[in-house]
Amino acid sequence: MRGARVLLALSVALVLTACSASSKEEARKRELPFELIEGEPMYTVLLPDGIPSIDEPTFVGAAEADAFLAPEEPVMGVVGPDGTAKAYSCWQLEGHEIVNDELDGVAIACTW
Amino acid sequence: MYSREVEGDVRTFGVSGKLWHGVMVMFDRATGTLWTQLDGRAIQGEELGARLAHYPSTFTTWEKWKREHPDTLALAKPEDERERTGSRYADYFEDPDRLWMDHLADDLGGIRPKDVVYGVLVDGEALAVSEAVLSRRGVVNAVVAGTPVAFLRSETSDAVVAVDRRLGERVLVLEPFKGEDPHVRFRDTGSGEVHGPDELKTLRVDRAYWYAWSRSHRGSRVLAD
């Protein structure tokens, strides 16, 4: 996902070389507080936990998940060292950005 | 997908609400350190220099994943989250004109050689801020060579100072403050306390044309419109 976003941004940047970017976005950016990290602005958009991470995730089996996951729904899939497989819906992740989870004893963060 | 281990210690991560390079920044609940989602590096705070190990994952569809892993578990989705069918950022992905919070547009503009900048040099790393940006903002907080700094511009005197943002154990994040006191003051956004720049350690700051600064400080970063 992140890779796709960066790729999209890069290709859009190339297309826009000859023209100016949306002035609405520029104006919005200028209103936000920022600080520089390694010379690049880090904008403060929300307060910490303004988007709630999932810190104690619960899971269901595939059959039960069919009730709320569409076949074409994008997911992040992982397999643990003992072969346990888990899927995290990307549509759902947009509302949380981070799932703090444990997979076969390995602590992982699914980030979006 | 990242491992949550930092030096053998398992951390829990939250959403900081900040964006860097257009990408969400996390914080770990134990130390408040900021971590970029780009490559799992700590970019500010106690764990600066550390990096989270990447964990292999697959981006696919539910249908395909189930086919490959019929025994898979799935993250439970509460009732109120089941109505959403589709990405809430669909117009970002589909509209070629939307560069949401993406700084790449800045790279297309650029600073001109005769633009005036204010520059600092910390441990061999140079950073400059254009006069235009500093005049508009009043304060620019930054990190140079791991040191939290701020450029402060006085509205009354046009004087610019650069300070180290560390005060005792704390790192302040400053914003301009207009009070009745005629002296120049700045407020720490974290605590709400008001400080004068004399309370913080000042750094040498040079005022120069960009072409002169960049020539004598090769590789200097610059923040400009």
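Residues numbered from 1 in each chain as written. Chains lettered and ligands numbered in written order. Predicted model: local features only at pLDDT ≥ 70, side-chain atom pairs only at ≥ 80, totals over all residues. Heavy atoms only, no water.

1. A look at the overall build of chain A
Consideration 1: For chain A, the helix and strand inventory stands at four helices and seven strands.
Consideration 2: Reading chain A from its N terminus to its C terminus gives the helix and strand order α-α-β-β-β-α-β-β-α-β-β.
Consideration 3: Counting only residues that meet the buried cut, chain A has 54% of its 112 residues in that class.
Consideration 4: Counting contacts in chain A only where the partners sit at least 6 residues apart, residues at least 24 apart contribute 29% of the total. (Helix = DSSP H or I, 4+ residues; strand = E, 2+ residues; numbered from the N terminus. Buried < 20%, exposed > 50% of the residue type's maximum accessible area, 1.4 Å probe, protein only. Contact = heavy atoms within 4.5 Å.)

2. Description of the overall build of chain B
Consideration 1: For chain B, the count of helices and strands is five helices and 22 strands.
Consideration 2: The 225 residues of chain B split such that 44% are buried.
Consideration 3: Considering only contacts in chain B between residues 6 or more positions apart, those separated by 24 or more positions represent 41%.
Consideration 4: With the model as given, the accessible surface of chain B reaches about 11,800 Å², and the carbon-plus-sulfur share is 47%. (Areas by Shrake-Rupley, 256 points an atom, 1.4 Å probe, with all protein chains shown as cover.)

3. A short note on the pattern of salt bridges
Consideration 1: Inspection of every chain in the model, using the stated rule, returns 18 salt bridges over all chains.
Consideration 2: With a shortest N-O distance of 2.9 Å, Asp49 of chain A and Arg29 of chain B are connected by a salt bridge. Here Asp49 of chain A, found in the loop between strand 2 (40–44) and strand 3 (59–61), pairs with Arg29 of chain B, found in the loop between strand 5 (23–28) and strand 6 (34–36), and the two come from separate chains.
Consideration 3: Look at Asp49 of chain A and you get partly exposed, because its relative accessible area is 34%.
Consideration 4: When the shortest N-O distance is used, the salt bridge between Asp39 of chain B and Arg51 of chain B registers 3.9 Å. (Salt bridge = Lys/Arg side-chain N within 4 Å of Asp/Glu carboxyl O.)

4. Concerning the nonpolar core
Consideration 1: Counting residues in hydrophobic clusters, the biggest one holds 20 residues, and the most contacted among them are Phe34 and Leu36 of chain A together with Leu127, Leu134, Val140 and Phe151 of chain B.
Consideration 2: Listed by contribution, the elements that provide at least two residues to this core are strand 1 (34–37) of chain A together with strand 10 (116–122), strand 11 (125–130), helix 4 (131–137), strand 12 (139–144), strand 13 (147–153) and strand 14 (160–164) of chain B.
Consideration 3: In this structure Leu134 of chain B touches Tyr118, Val129, Val139, Val140, Phe151, Arg153 and Val160 of chain B, once residues within four positions along its chain are discounted.
Consideration 4: Formed by 14 residues, the second largest nonpolar core is a distinct cluster that contains Val78 and Ile108 of chain A together with Tyr55 and Leu75 of chain B. (Core = buried A, V, L, I, M, F, W, Y, C linked by side-chain atoms within 4.5 Å.)

5. Regarding the side chain of Ser220 of chain B
Residues and elements named next belong to chain B.
Consideration 1: Structurally, Ser220 can be placed in the loop between helix 5 (210–216) and strand 22 (221–223).
Consideration 2: A distance of 3.5 Å separates a polar side-chain atom of Ser220 from the backbone oxygen of Ala126.
Consideration 3: Engagement of the side chain of Ser220 in a polar contact is seen with the side chain of Trp213, the distance being 2.9 Å.
Consideration 4: Among residues more than four places away in sequence, those in contact with Ser220 are Ala126, Leu127, Ala128, Trp210 and Trp213. (Polar contact = N/O pair within 3.5 Å; in protein donor to acceptor, adjacent residues only side chain to side chain.)

6. Concerning unusual backbone geometry
Consideration 1: Of note, the phi angle at Glu38 of chain A is positive, near 50°, even though the residue is not glycine.
Consideration 2: As for its position among the elements, Glu38 of chain A is in the loop between strand 1 and strand 2.
Consideration 3: A relative accessible area of 30% places Glu38 of chain A in the partly exposed class.
Consideration 4: Despite not being glycine, Glu7 of chain B has its phi angle at roughly 50°, a positive value.

7. Quick look at the packing of aromatic side chains
Consideration 1: Enumeration over the complete set of coordinates arrives at five aromatic pairs over all chains.
Consideration 2: Ring geometry for Phe59 of chain A versus Tyr88 of chain A: centroids 5.8 Å apart, planes at 85°, classification edge-to-face. Linking Phe59 of chain A in strand 3 with Tyr88 of chain A in strand 5 (residues 85–89), this pair joins segments that are 29 residues apart in sequence.
Consideration 3: A residue is classified by how much of its surface remains accessible, and Phe59 of chain A, at 22% relative accessible area, is partly exposed.
Consideration 4: With a centroid separation of 5.9 Å and 15° between ring planes, the pair formed by Tyr209 of chain B and Tyr211 of chain B is classed as stacked.
Consideration 5: A relative accessible area of 37% places Tyr209 of chain B in the partly exposed class. (Phe/Tyr/Trp six-rings, centres within 6.5 Å; stacked < 30°, edge-to-face > 60°.)

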